[in-house]
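Commentary on secondary and tertiary structure
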Amino acid sequence: MIKVAVNGYGTIGKRVADAVSAQKDMEIIGVSKTRPSSEALVANKRGYPLYIADISKKQAFEAAGIKVAGSVEEMIQKADVVVDATPGGVGEKNKALYEKYGKKAAWEGGEKHELAGFSFNSSCNYKEAVGRQFVRVVSCNTTGLCRIINEIKNEFGVNKVRATMVRRGSDPGGIKKGPVDAVVLNPVTIPSHHGPDVLTVIPDIDIVTTAMIVPTTFMHMHVVQMDLKNPATVERVLELIEANPRIGLVREGLGITSTAEIKEYASDLGRPRADLWESCIFEESVSVLNETELYFFQAIHQEADVVVETVDAIRAMAGEVVDPAESIKMTNEALGFTPI
Ligand SMILES: NC(=O)C1=CN([C@@H]2O[C@H](COP(=O)(O)OP(=O)(O)OC[C@H]3O[C@@H](n4cnc5c(N)ncnc54)[C@H](OP(=O)(O)O)[C@@H]3O)[C@@H](O)[C@H]2O)C=CC1
Ligand SMILES: O=C(OP(=O)(O)O)[C@H](O)COP(=O)(O)O
């Protein structure tokens, strides 16, 4: 069993903890928080030993009825692999601790590529992550781009990618972020970080991305255009999407034309937390013009798509499963996940 610690039990960390504990070859040995909260209480209820960043706060946790197993430093020592899901920029400060105890660590997309020296996506570069000490799972939007670009590139070849990300302003549980009433160019400069980030995973493509933030919480929406090296048909593109274990088709005829309706669908399907681990490509939007110009919309559930990638990253670093398809299958099956 791979012993996994989740340092930072928030939006991503709590989902990673649940996904890891569902795997046959992994177990959660601890999760961490900085302050007492309902999430910390739920960690107790789920049976995850709860460690805290500043042990002097133990009394405050206990006063809130939350059991504390020890300090984050103690947790790290018990783990084979640490998933660092602390807020972007905080994870960087934890590297010294992982190095001190010689532990493997996976950071999330809020950290820079250089921190780990390797950026990960299961479908694109799993094999290169096998046995590594440090990896960074790319951000939710970058993950969504990598999945489909890789699939299309392998089949038709890709000359260039142009994509615009319409990003959610805050996660549903957030109360501090906006905007409330604006379309914010984020960044106002071009390109956004997503294109350069894709290049850390798929190094040899021409990609330019632009991004903005809008007042919504459910999901991001991508408008993607790719110029292909070889002619494609809509039928073949749809076949590739249907065969991909991490990409789902929002099917024609279901009446779904928004992120709100996809989330409602996931909720009705009984998915935990209404999570969409897959990229959601709108079938009706898939268009091929002039034989080599591919267009589509895809929605990305920011809280969920990186979770399954993180589980694969743990398995790759642990080193026993070297085949990406096998890991993806193991991860998906343990979660009872087949794309919509
Ligand atoms: N949310 C999203 O849409 C996505 C986020 N990411 C990336 O995932 C990472 C985590 O983001 P997210 O889950 O949203 O962040 P959250 O703020 O939701 O969760 C972060 C957690 O880390 C804990 N934490 C903070 N500081 C420390 C510390 N020093 N030691 C231990 N735990 C700490 C916080 O605990 P407490 O509350 O007790 O302070 C909190 O539970 C970031 O890199 C982000 O960029 C990637 C894809 C999507
Ligand atoms: O990784 C994400 O977005 P990104 O791919 O646009 O960087 C997540 O939605 C986190 O974004 P946030 O930094 O606004 O919390």
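Residues numbered from 1 in each chain as written. Chains lettered and ligands numbered in written order. Predicted model: local features only at pLDDT ≥ 70, side-chain atom pairs only at ≥ 80, totals over all residues. Heavy atoms only, no water.

Looking up the protein chain in an unreviewed UniProt entry gives the name Glyceraldehyde-3-phosphate dehydrogenase, with the organism given as Methanochimaera problematica. Annotation of the protein chain in UniProt includes, under Subcellular location (unreviewed entry), the sentence "Cytoplasm". (UniProt positions renumbered as here; feature names shortened; annotations may be inferred.)

With that out of the way, let us pick up the site of ligand 1. Taken together, the neighbourhood of ligand 1 is formed by 23 residues, with Thr11, Ile12, Lys33, Thr34 and Asp171 sitting nearest. Contact distances for ligand 1 include 2.6 Å between an oxygen atom and a side-chain N or O atom of lysine 33. Taking 890 Å² as the accessible area of ligand 1 by itself, protein coverage stands at 81%. The set of elements that each furnish at least two residues to the shell around ligand 1 consists of helix H1 (11-22) and strand S2 (26-33). (Near = heavy atom within 4 Å. Polar contact = N/O pair within 3.5 Å; in protein donor to acceptor, adjacent residues only side chain to side chain. Areas by Shrake-Rupley, 256 points an atom, 1.4 Å probe, with all protein chains shown as cover. Helix = DSSP H or I, 4+ residues; strand = E, 2+ residues; numbered from the N terminus.)

Sheet topology places strand S5 (residues 81-84) next to strand S6 (residues 104-107); 4 bridges connect them, and they run parallel. Paired with valine 83 across the bridge in S6 is alanine 106. The pairing of S6 with strand S8 (residues 134-137) spans 3 bridges and is classified as parallel. Pairing of tryptophan 107 across the sheet is with arginine 136, part of S8. (Pairing = 2+ DSSP bridges.)

Attention now goes to helix H12 (residues 305-318). Buried residues dominate H12, accounting for 13 of its 14 residues. Of the residues trailing H12, glycine 319 is marked for its positive phi of about 95°. (Buried < 20%, exposed > 50% of the residue type's maximum accessible area, 1.4 Å probe, protein only.)

Right, let's talk about the site of ligand 2 for a bit. As a structural note, the neighbourhood of ligand 2 is formed by Ser139, Cys140, Asn141, Arg167, Arg168, Lys177, His193, His194, His220 and Gln302. Contact between ligand 2 and asparagine 141: an oxygen atom at 2.7 Å from a side-chain N or O atom of the residue. Contact distances for ligand 2 include 3.1 Å between an oxygen atom and a side-chain N or O atom of arginine 168. Look at ligand 2: alone it shows 390 Å² of surface, and the protein chains cover 69% of it. Breaking the shell around ligand 2 down by element, the ones donating at least two residues are helix H8 (140-156) and strand S9 (158-168).

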